[in-house]
Amino acid sequence: MAKSKRAGALGGRTWISIVLFGLIGQIAWVVENMYFSRFMQNEITREPYATTLMVAFSAIFATVSTLIGGAICDRTGKRKLYICWGYLIWGFTIMMFALVPMKPSAEKVLPMVILVVVMDCVMSVIGSISNDAAFNTWITDISNTANRARVDTVLAIMPLFALAVVFGGFDSLTNAAATTDDWKKFFIILGIIPTIGGILGLFLMKDKEGITANKENSFISDFTYSLQPKVIKQNKMLYVCLAGNMISAIAYQIYVNYLFNIVEGTMGITNYIIPVGIIMVVAAVLSVIISAAMDKYGKKHFYYPTIIAGIIGCIIIWASKFLIGGNEKTLIAVLIVGGILLIGVSLVMAGLFTASYRDYIPQGKEGLFQGCRMVMYVLVPMIVGPLVAQFIINHYNKGAAADDIVYPMELFLGAAVIMLFCFIPAYAVRKKQPQFHNELMKEIEE
(Lines give C-alpha, C1' and ligand atoms only; values in the text may rest on other atoms or scores of the structure.)
Protein backbone atom coordinates (compact mmCIF):
# COMPACT_ATOMS: atom_id res chain seq x y z
CA MET A 1 0.00 0.00 0.00
CA ALA A 2 2.90 2.35 0.79
CA LYS A 3 4.23 1.90 -2.72
CA SER A 4 0.88 2.82 -4.17
CA LYS A 5 0.88 6.05 -2.21
CA ARG A 6 4.41 6.90 -3.39
CA ALA A 7 3.43 6.08 -6.94
CA GLY A 8 0.54 8.51 -6.75
CA ALA A 9 2.34 11.26 -4.84
CA LEU A 10 3.11 14.57 -6.53
CA GLY A 11 5.42 17.26 -5.16
CA GLY A 12 4.30 20.69 -4.00
CA ARG A 13 5.87 22.49 -6.94
CA THR A 14 4.09 20.16 -9.34
CA TRP A 15 0.72 20.71 -7.66
CA ILE A 16 1.26 24.48 -7.71
CA SER A 17 1.95 24.29 -11.45
CA ILE A 18 -1.12 22.09 -12.01
CA VAL A 19 -3.41 24.46 -10.13
CA LEU A 20 -1.87 27.73 -11.34
CA PHE A 21 -1.75 26.89 -15.04
CA GLY A 22 -5.00 24.95 -14.86
CA LEU A 23 -6.75 27.94 -13.28
CA ILE A 24 -5.23 30.65 -15.47
CA GLY A 25 -5.86 28.61 -18.62
CA GLN A 26 -9.48 28.13 -17.64
CA ILE A 27 -9.90 31.83 -16.87
CA ALA A 28 -8.93 32.47 -20.49
CA TRP A 29 -11.25 29.71 -21.72
CA VAL A 30 -14.15 31.02 -19.58
CA VAL A 31 -13.74 34.35 -21.33
CA GLU A 32 -13.66 32.59 -24.70
CA ASN A 33 -16.39 29.99 -24.11
CA MET A 34 -18.91 32.05 -22.16
CA TYR A 35 -18.16 35.76 -22.32
CA PHE A 36 -17.29 35.99 -26.00
CA SER A 37 -20.73 34.47 -26.63
CA ARG A 38 -22.32 36.98 -24.28
CA PHE A 39 -20.38 39.76 -25.98
CA MET A 40 -21.65 38.62 -29.37
CA GLN A 41 -25.25 38.30 -28.13
CA ASN A 42 -25.37 41.57 -26.18
CA GLU A 43 -23.14 43.86 -28.22
CA ILE A 44 -23.27 42.56 -31.82
CA THR A 45 -26.43 40.48 -32.49
CA ARG A 46 -28.77 38.06 -30.68
CA GLU A 47 -29.21 35.95 -33.82
CA PRO A 48 -28.04 32.40 -32.90
CA TYR A 49 -26.17 31.94 -36.20
CA ALA A 50 -23.50 34.37 -34.97
CA THR A 51 -22.83 32.37 -31.80
CA THR A 52 -22.88 29.10 -33.77
CA LEU A 53 -20.32 30.42 -36.28
CA MET A 54 -18.04 31.72 -33.56
CA VAL A 55 -18.09 28.49 -31.56
CA ALA A 56 -17.75 26.21 -34.60
CA PHE A 57 -14.85 28.05 -36.27
CA SER A 58 -13.09 28.43 -32.93
CA ALA A 59 -13.34 24.66 -32.46
CA ILE A 60 -11.93 23.96 -35.94
CA PHE A 61 -8.93 26.23 -35.45
CA ALA A 62 -8.39 24.98 -31.89
CA THR A 63 -8.37 21.36 -33.05
CA VAL A 64 -5.90 21.90 -35.90
CA SER A 65 -3.67 23.93 -33.57
CA THR A 66 -3.69 21.18 -30.96
CA LEU A 67 -2.75 18.57 -33.56
CA ILE A 68 0.19 20.77 -34.58
CA GLY A 69 1.13 21.64 -31.01
CA GLY A 70 0.98 18.04 -29.82
CA ALA A 71 3.23 16.90 -32.64
CA ILE A 72 5.70 19.71 -31.91
CA CYS A 73 5.76 18.83 -28.18
CA ASP A 74 6.76 15.23 -28.91
CA ARG A 75 9.16 16.10 -31.73
CA THR A 76 11.03 18.64 -29.57
CA GLY A 77 10.61 16.90 -26.21
CA LYS A 78 9.58 20.24 -24.69
CA ARG A 79 6.39 21.38 -22.97
CA LYS A 80 7.30 24.31 -20.68
CA LEU A 81 8.51 26.50 -23.54
CA TYR A 82 5.17 26.33 -25.38
CA ILE A 83 3.09 26.62 -22.21
CA CYS A 84 4.76 29.71 -20.79
CA TRP A 85 5.32 31.73 -23.97
CA GLY A 86 1.93 30.64 -25.24
CA TYR A 87 0.14 31.90 -22.12
CA LEU A 88 2.04 35.18 -22.36
CA ILE A 89 0.84 35.79 -25.94
CA TRP A 90 -2.61 34.38 -25.19
CA GLY A 91 -3.31 37.28 -22.87
CA PHE A 92 -2.58 39.83 -25.60
CA THR A 93 -5.10 38.17 -27.95
CA ILE A 94 -7.80 38.66 -25.30
CA MET A 95 -6.87 42.30 -24.78
CA MET A 96 -7.32 42.94 -28.50
CA PHE A 97 -11.10 42.50 -28.10
CA ALA A 98 -11.17 45.89 -26.38
CA LEU A 99 -10.67 47.39 -29.86
CA VAL A 100 -13.82 45.82 -31.41
CA PRO A 101 -16.54 48.38 -32.34
CA MET A 102 -19.77 47.60 -30.46
CA LYS A 103 -23.50 48.14 -31.14
CA PRO A 104 -23.07 48.16 -34.95
CA SER A 105 -25.78 49.44 -37.27
CA ALA A 106 -27.82 46.83 -39.17
CA GLU A 107 -25.65 46.93 -42.30
CA LYS A 108 -22.46 46.51 -40.26
CA VAL A 109 -23.63 43.54 -38.15
CA LEU A 110 -22.29 40.86 -40.52
CA PRO A 111 -18.80 42.44 -40.87
CA MET A 112 -18.60 42.74 -37.09
CA VAL A 113 -19.68 39.11 -36.68
CA ILE A 114 -16.89 38.07 -39.08
CA LEU A 115 -14.34 40.23 -37.24
CA VAL A 116 -15.23 38.75 -33.85
CA VAL A 117 -15.13 35.21 -35.27
CA VAL A 118 -11.67 35.79 -36.78
CA MET A 119 -10.32 37.28 -33.55
CA ASP A 120 -11.78 34.39 -31.57
CA CYS A 121 -10.02 31.95 -33.91
CA VAL A 122 -6.66 33.69 -33.37
CA MET A 123 -7.16 33.53 -29.62
CA SER A 124 -8.11 29.83 -29.87
CA VAL A 125 -4.99 28.98 -31.90
CA ILE A 126 -2.63 30.40 -29.26
CA GLY A 127 -4.62 28.96 -26.36
CA SER A 128 -4.84 25.51 -27.92
CA ILE A 129 -1.11 25.19 -28.58
CA SER A 130 -0.17 26.35 -25.09
CA ASN A 131 -3.00 24.81 -23.05
CA ASP A 132 -4.71 22.00 -24.92
CA ALA A 133 -1.52 20.63 -26.51
CA ALA A 134 1.48 21.53 -24.33
CA PHE A 135 -0.14 21.75 -20.88
CA ASN A 136 -2.21 18.58 -21.35
CA THR A 137 0.87 16.73 -22.59
CA TRP A 138 2.72 17.90 -19.49
CA ILE A 139 -0.16 16.67 -17.30
CA THR A 140 0.04 13.24 -18.93
CA ASP A 141 3.80 13.22 -18.32
CA ILE A 142 3.66 13.94 -14.61
CA SER A 143 0.58 11.85 -13.69
CA ASN A 144 -0.14 8.11 -13.56
CA THR A 145 -3.09 5.79 -12.99
CA ALA A 146 -2.71 6.09 -9.20
CA ASN A 147 -3.51 9.81 -9.24
CA ARG A 148 -5.10 10.66 -12.59
CA ALA A 149 -8.72 10.71 -11.43
CA ARG A 150 -7.67 13.18 -8.71
CA VAL A 151 -5.53 15.29 -11.05
CA ASP A 152 -8.14 15.39 -13.82
CA THR A 153 -10.96 16.21 -11.41
CA VAL A 154 -8.89 19.01 -9.87
CA LEU A 155 -8.36 20.29 -13.41
CA ALA A 156 -12.06 19.80 -14.11
CA ILE A 157 -13.04 22.06 -11.20
CA MET A 158 -10.68 24.77 -12.42
CA PRO A 159 -13.36 26.11 -14.79
CA LEU A 160 -15.57 26.65 -11.74
CA PHE A 161 -12.89 28.53 -9.86
CA ALA A 162 -12.10 30.42 -13.06
CA LEU A 163 -15.78 31.23 -13.45
CA ALA A 164 -15.85 32.38 -9.83
CA VAL A 165 -12.94 34.74 -10.52
CA VAL A 166 -14.42 36.11 -13.73
CA PHE A 167 -18.04 35.99 -12.65
CA GLY A 168 -17.57 37.24 -9.11
CA GLY A 169 -15.04 39.92 -9.94
CA PHE A 170 -15.94 41.18 -13.40
CA ASP A 171 -19.44 40.04 -14.44
CA SER A 172 -20.87 43.50 -13.74
CA LEU A 173 -18.73 44.76 -16.64
CA THR A 174 -20.60 42.46 -19.06
CA ASN A 175 -24.27 42.33 -18.01
CA ALA A 176 -27.21 43.93 -19.82
CA ALA A 177 -26.35 47.34 -18.33
CA ALA A 178 -22.66 47.20 -19.36
CA THR A 179 -21.23 50.09 -21.38
CA THR A 180 -18.59 50.02 -24.12
CA ASP A 181 -15.96 51.17 -21.61
CA ASP A 182 -17.00 48.36 -19.24
CA TRP A 183 -16.38 45.72 -21.90
CA LYS A 184 -12.99 47.28 -22.75
CA LYS A 185 -11.95 47.12 -19.08
CA PHE A 186 -13.12 43.51 -18.94
CA PHE A 187 -11.00 42.37 -21.87
CA ILE A 188 -7.88 44.28 -20.78
CA ILE A 189 -8.00 43.01 -17.17
CA LEU A 190 -8.75 39.40 -18.14
CA GLY A 191 -6.04 39.48 -20.80
CA ILE A 192 -3.38 40.55 -18.31
CA ILE A 193 -3.91 37.40 -16.21
CA PRO A 194 -2.62 34.77 -18.74
CA THR A 195 0.27 37.05 -19.65
CA ILE A 196 1.39 37.26 -16.02
CA GLY A 197 0.87 33.50 -15.68
CA GLY A 198 3.20 32.84 -18.59
CA ILE A 199 5.92 34.97 -17.01
CA LEU A 200 5.55 33.19 -13.65
CA GLY A 201 5.76 29.82 -15.38
CA LEU A 202 9.19 30.57 -16.77
CA PHE A 203 10.49 30.49 -13.18
CA LEU A 204 8.12 27.91 -11.65
CA MET A 205 7.37 25.07 -14.08
CA LYS A 206 9.67 22.17 -14.94
CA ASP A 207 9.39 19.55 -17.66
CA LYS A 208 9.51 15.95 -16.47
CA GLU A 209 13.03 14.56 -16.49
CA GLY A 210 13.87 12.08 -19.20
CA ILE A 211 11.57 13.48 -21.90
CA THR A 212 13.48 13.30 -25.18
CA ALA A 213 12.80 14.57 -28.67
CA ASN A 214 11.09 12.04 -30.91
CA LYS A 215 11.59 12.63 -34.63
CA GLU A 216 11.35 9.05 -35.83
CA ASN A 217 8.45 9.92 -38.15
CA SER A 218 7.77 12.87 -40.44
CA PHE A 219 5.90 15.89 -39.12
CA ILE A 220 2.88 15.05 -41.30
CA SER A 221 2.82 11.53 -39.88
CA ASP A 222 2.96 12.91 -36.33
CA PHE A 223 0.32 15.52 -37.15
CA THR A 224 -2.17 12.89 -38.35
CA TYR A 225 -1.00 10.09 -36.04
CA SER A 226 -3.98 9.90 -33.68
CA LEU A 227 -6.44 10.10 -36.59
CA GLN A 228 -4.95 7.21 -38.59
CA PRO A 229 -7.26 4.14 -38.89
CA LYS A 230 -4.53 1.69 -37.82
CA VAL A 231 -3.78 3.76 -34.70
CA ILE A 232 -7.47 3.94 -33.83
CA LYS A 233 -7.74 0.15 -34.23
CA GLN A 234 -4.70 -0.47 -32.02
CA ASN A 235 -5.96 1.88 -29.29
CA LYS A 236 -9.73 1.47 -29.61
CA MET A 237 -10.47 1.76 -25.87
CA LEU A 238 -8.75 5.14 -25.81
CA TYR A 239 -11.23 6.36 -28.42
CA VAL A 240 -14.18 4.79 -26.59
CA CYS A 241 -13.21 6.86 -23.53
CA LEU A 242 -13.07 9.97 -25.68
CA ALA A 243 -16.48 9.10 -27.15
CA GLY A 244 -17.99 9.27 -23.66
CA ASN A 245 -16.40 12.67 -23.13
CA MET A 246 -17.57 13.79 -26.57
CA ILE A 247 -21.24 12.98 -25.93
CA SER A 248 -21.16 14.68 -22.54
CA ALA A 249 -19.49 17.73 -24.10
CA ILE A 250 -22.12 17.93 -26.87
CA ALA A 251 -24.82 18.08 -24.20
CA TYR A 252 -22.86 20.80 -22.37
CA GLN A 253 -22.40 22.88 -25.53
CA ILE A 254 -26.15 22.97 -26.16
CA TYR A 255 -26.77 25.34 -23.26
CA VAL A 256 -23.43 26.74 -22.02
CA ASN A 257 -23.07 29.50 -24.63
CA TYR A 258 -26.47 30.91 -23.64
CA LEU A 259 -26.30 30.20 -19.91
CA PHE A 260 -25.92 33.73 -18.57
CA ASN A 261 -28.64 35.12 -20.80
CA ILE A 262 -30.94 32.23 -19.87
CA VAL A 263 -30.58 32.95 -16.15
CA GLU A 264 -30.72 36.72 -16.49
CA GLY A 265 -33.14 37.06 -19.42
CA THR A 266 -35.32 33.95 -19.75
CA MET A 267 -35.58 33.12 -16.04
CA GLY A 268 -35.61 36.77 -14.98
CA ILE A 269 -33.13 36.28 -12.11
CA THR A 270 -31.16 39.51 -12.06
CA ASN A 271 -29.51 38.94 -8.67
CA TYR A 272 -27.87 35.65 -9.68
CA ILE A 273 -24.38 35.97 -8.18
CA ILE A 274 -25.22 34.18 -4.88
CA PRO A 275 -27.10 31.19 -6.37
CA VAL A 276 -24.46 30.68 -9.06
CA GLY A 277 -21.76 30.92 -6.37
CA ILE A 278 -23.53 28.24 -4.31
CA ILE A 279 -23.77 25.97 -7.36
CA MET A 280 -20.06 26.34 -8.14
CA VAL A 281 -18.82 25.78 -4.58
CA VAL A 282 -21.02 22.76 -3.81
CA ALA A 283 -20.39 21.17 -7.23
CA ALA A 284 -16.63 21.64 -6.84
CA VAL A 285 -16.52 20.17 -3.32
CA LEU A 286 -18.66 17.17 -4.28
CA SER A 287 -16.59 16.47 -7.40
CA VAL A 288 -13.32 16.45 -5.41
CA ILE A 289 -14.81 14.06 -2.85
CA ILE A 290 -16.07 11.77 -5.61
CA SER A 291 -12.72 11.89 -7.44
CA ALA A 292 -10.94 10.69 -4.29
CA ALA A 293 -13.41 7.80 -4.13
CA MET A 294 -12.76 7.01 -7.80
CA ASP A 295 -9.01 6.70 -7.19
CA LYS A 296 -9.64 4.55 -4.11
CA TYR A 297 -12.37 2.21 -5.35
CA GLY A 298 -11.90 2.37 -9.12
CA LYS A 299 -13.88 4.31 -11.69
CA LYS A 300 -16.19 1.42 -12.67
CA HIS A 301 -18.84 2.17 -10.05
CA PHE A 302 -19.28 5.83 -11.00
CA TYR A 303 -20.20 5.87 -14.70
CA TYR A 304 -23.91 5.05 -14.60
CA PRO A 305 -24.82 7.11 -11.48
CA THR A 306 -22.99 10.14 -12.92
CA ILE A 307 -24.86 9.98 -16.23
CA ILE A 308 -28.20 9.54 -14.48
CA ALA A 309 -27.49 12.51 -12.20
CA GLY A 310 -26.66 14.67 -15.23
CA ILE A 311 -29.93 13.78 -16.97
CA ILE A 312 -31.91 14.52 -13.80
CA GLY A 313 -30.13 17.88 -13.44
CA CYS A 314 -31.07 18.86 -17.01
CA ILE A 315 -34.72 17.89 -16.44
CA ILE A 316 -34.91 19.80 -13.14
CA ILE A 317 -33.64 23.03 -14.71
CA TRP A 318 -35.93 22.59 -17.73
CA ALA A 319 -38.91 22.03 -15.40
CA SER A 320 -38.14 25.33 -13.63
CA LYS A 321 -39.71 27.06 -16.67
CA PHE A 322 -43.07 26.42 -15.04
CA LEU A 323 -41.99 28.56 -12.06
CA ILE A 324 -40.86 31.57 -14.09
CA GLY A 325 -42.90 34.63 -13.14
CA GLY A 326 -43.91 33.08 -9.83
CA ASN A 327 -42.09 32.89 -6.51
CA GLU A 328 -38.48 33.86 -7.24
CA LYS A 329 -37.10 32.10 -4.14
CA THR A 330 -38.59 28.80 -5.27
CA LEU A 331 -37.24 29.34 -8.78
CA ILE A 332 -33.75 30.04 -7.43
CA ALA A 333 -33.90 26.96 -5.16
CA VAL A 334 -34.77 24.72 -8.12
CA LEU A 335 -32.01 26.34 -10.19
CA ILE A 336 -29.48 25.62 -7.43
CA VAL A 337 -30.47 21.96 -7.09
CA GLY A 338 -30.47 21.35 -10.84
CA GLY A 339 -27.32 23.41 -11.32
CA ILE A 340 -25.35 21.46 -8.70
CA LEU A 341 -26.26 18.20 -10.43
CA LEU A 342 -25.56 19.56 -13.89
CA ILE A 343 -22.24 21.28 -13.17
CA GLY A 344 -21.09 18.61 -10.73
CA VAL A 345 -21.70 15.91 -13.32
CA SER A 346 -19.78 17.79 -16.02
CA LEU A 347 -16.79 17.86 -13.65
CA VAL A 348 -17.00 14.21 -12.60
CA MET A 349 -17.45 13.09 -16.22
CA ALA A 350 -14.11 14.71 -17.01
CA GLY A 351 -12.52 12.85 -14.10
CA LEU A 352 -14.01 9.60 -15.34
CA PHE A 353 -13.48 9.60 -19.08
CA THR A 354 -10.39 11.85 -19.33
CA ALA A 355 -8.50 9.95 -16.65
CA SER A 356 -9.40 6.66 -18.35
CA TYR A 357 -8.28 8.07 -21.71
CA ARG A 358 -4.88 9.08 -20.28
CA ASP A 359 -4.41 5.55 -18.90
CA TYR A 360 -4.63 4.13 -22.42
CA ILE A 361 -2.09 6.55 -24.01
CA PRO A 362 1.06 4.61 -25.07
CA GLN A 363 4.26 5.86 -23.47
CA GLY A 364 6.16 8.27 -25.71
CA LYS A 365 3.01 9.28 -27.60
CA GLU A 366 1.58 11.69 -25.02
CA GLY A 367 1.64 14.73 -27.31
CA LEU A 368 0.46 12.90 -30.41
CA PHE A 369 -2.76 11.81 -28.71
CA GLN A 370 -3.81 15.34 -27.73
CA GLY A 371 -5.15 15.97 -31.23
CA CYS A 372 -7.74 13.18 -31.19
CA ARG A 373 -8.87 14.45 -27.78
CA MET A 374 -9.49 17.85 -29.33
CA VAL A 375 -11.37 16.37 -32.27
CA MET A 376 -13.72 14.38 -30.05
CA TYR A 377 -13.86 16.59 -26.96
CA VAL A 378 -13.82 20.03 -28.61
CA LEU A 379 -14.32 20.03 -32.38
CA VAL A 380 -17.33 17.74 -32.66
CA PRO A 381 -19.13 19.04 -29.53
CA MET A 382 -18.54 22.70 -30.43
CA ILE A 383 -20.04 22.17 -33.87
CA VAL A 384 -22.86 19.74 -33.07
CA GLY A 385 -23.90 21.29 -29.73
CA PRO A 386 -24.41 24.87 -31.00
CA LEU A 387 -26.19 23.57 -34.12
CA VAL A 388 -28.64 21.65 -31.92
CA ALA A 389 -29.05 24.80 -29.80
CA GLN A 390 -29.62 26.94 -32.90
CA PHE A 391 -32.33 24.53 -34.09
CA ILE A 392 -34.09 24.66 -30.71
CA ILE A 393 -33.82 28.46 -30.45
CA ASN A 394 -35.04 29.05 -34.01
CA HIS A 395 -37.95 26.64 -33.54
CA TYR A 396 -38.94 28.39 -30.32
CA ASN A 397 -38.61 31.90 -31.82
CA LYS A 398 -40.35 31.46 -35.18
CA GLY A 399 -41.15 34.86 -36.66
CA ALA A 400 -39.44 36.82 -33.85
CA ALA A 401 -37.27 39.85 -34.63
CA ALA A 402 -33.58 39.63 -33.72
CA ASP A 403 -33.95 41.89 -30.68
CA ASP A 404 -36.90 39.82 -29.39
CA ILE A 405 -35.20 36.40 -29.50
CA VAL A 406 -35.57 34.40 -26.26
CA TYR A 407 -33.20 31.58 -25.31
CA PRO A 408 -35.59 28.80 -24.18
CA MET A 409 -35.37 26.34 -21.29
CA GLU A 410 -35.83 23.55 -23.84
CA LEU A 411 -32.08 23.77 -24.41
CA PHE A 412 -31.68 21.75 -21.19
CA LEU A 413 -34.20 19.17 -22.37
CA GLY A 414 -32.17 18.75 -25.55
CA ALA A 415 -29.03 18.26 -23.43
CA ALA A 416 -30.80 15.56 -21.38
CA VAL A 417 -31.66 13.62 -24.53
CA ILE A 418 -28.03 13.75 -25.73
CA MET A 419 -26.77 12.60 -22.31
CA LEU A 420 -28.68 9.32 -22.71
CA PHE A 421 -26.18 8.25 -25.37
CA CYS A 422 -23.35 8.37 -22.79
CA PHE A 423 -24.50 4.98 -21.54
CA ILE A 424 -23.08 3.30 -24.68
CA PRO A 425 -19.37 4.17 -24.21
CA ALA A 426 -19.79 3.96 -20.43
CA TYR A 427 -20.83 0.31 -20.75
CA ALA A 428 -17.71 -0.54 -22.78
CA VAL A 429 -15.29 1.43 -20.59
CA ARG A 430 -16.54 0.13 -17.22
CA LYS A 431 -16.41 -3.45 -18.50
CA LYS A 432 -12.65 -3.20 -19.18
CA GLN A 433 -11.67 -0.69 -16.53
CA PRO A 434 -11.16 -2.82 -13.37
CA GLN A 435 -8.74 -5.30 -14.98
CA PHE A 436 -6.79 -2.57 -16.79
CA HIS A 437 -6.61 -0.43 -13.62
CA ASN A 438 -5.13 -3.35 -11.66
CA GLU A 439 -2.56 -4.03 -14.39
CA LEU A 440 -1.40 -0.40 -14.40
CA MET A 441 -1.21 -0.29 -10.61
CA LYS A 442 1.04 -3.36 -10.59
CA GLU A 443 3.33 -1.73 -13.16
CA ILE A 444 3.86 1.48 -11.19
CA GLU A 445 4.28 -0.39 -7.88
CA GLU A 446 7.08 -2.57 -9.24
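Residues numbered from 1 in each chain as written. Predicted model: local features only at pLDDT ≥ 70, side-chain atom pairs only at ≥ 80, totals over all residues. Heavy atoms only, no water.

Draft legend 1. Layout of empty space enclosed by the protein. Scanning the model with the defined rule gives 6 cavities of 30 Å³ or more in all. When its volume is computed, the second largest cavity comes out at roughly 80 Å³. Taken together, Ser248, Ala251, Tyr252, Tyr255, Gly310, Cys314, Leu342, Val345, Ser346, Ala415 and Met419 form the lining of the second largest cavity. Looking at the lining of the second largest cavity, the elements that each hand over two or more residues are α10 (236-255), α13 (303-319), α14 (328-359) and α16 (410-419). Per element, the largest residue contribution to the lining of the second largest cavity is 4 residues, and it comes from α10. Residue classes in the lining of the second largest cavity are distributed as 8 nonpolar, 3 polar and no charged. (1 Å grid on protein atoms, 1.4 Å probe; cavity = no way out; pocket = protein on both sides within 12 Å on 5 of 7 lines; lining within 4 Å. Points joined across faces, edges and corners; volume = space filled by probe spheres on them. Helix = DSSP H or I, 4+ residues; strand = E, 2+ residues; numbered from the N terminus. Nonpolar A, V, L, I, M, F, W, Y, C, P; charged D, E, K, R; others polar.)

Draft legend 2. Structural view of the side chain of serine 17. Along the polypeptide, serine 17 turns up in helix α2 (residues 12-44). On the basis of relative accessible area, serine 17 is assigned to the buried category, the value being 2%. Leaving out residues up to four positions away in the same chain, serine 17 has contacts with Gly22, Phe135, Trp138, Leu204 and Met205. (Buried < 20%, exposed > 50% of the residue type's maximum accessible area, 1.4 Å probe, protein only. Contact = heavy atoms within 4.5 Å.)

Draft legend 3. Focus on the nonpolar core. Ranked by size, the top nonpolar core spans 141 residues in total, and within it Tyr35, Phe135, Phe186, Phe187, Leu238, Phe369 and Leu411 carry the most contacts. Broken down by element, this core gets its largest block of residues, 15 residues, from α14. Setting aside residues up to four positions removed in sequence, leucine 238 forms contacts with Tyr357, Tyr360, Ile361, Phe369 and Cys372. (Core = buried A, V, L, I, M, F, W, Y, C linked by side-chain atoms within 4.5 Å.)

Draft legend 4. Region of the structure containing the confidence of the model for the protein chain. Residues at a pLDDT of 70 or more form 94% of the protein chain, whose mean pLDDT is 85. Here residues 1-5 is modelled with pLDDT under 50, and outside its nearest four sequence neighbours on either side it reaches 4 contacts, counting other chains as well. (pLDDT = per-residue confidence, 0-100.)

Draft legend 5. Just helix α4 (residues 80-95), in detail. Across its 16 residues, α4 extends 23 Å between first and last C-alpha, which sits within 8% of the 22 Å expected from 1.5 Å per residue. For α4, the principal kink sits at tyrosine 87 and spans about 25 degrees. Taken residue by residue, α4 has Ile83, Cys84, Gly86, Tyr87, Leu88, Trp90, Gly91, Thr93, Ile94 and Met95 as its buried positions. Along its buried surface, α4 packs onto α2, α5 (109-142) and α7 (180-204). (Expected span 1.5 Å × (residues − 1). Bend = angle between axes of the 7 residues up to and from the residue.)

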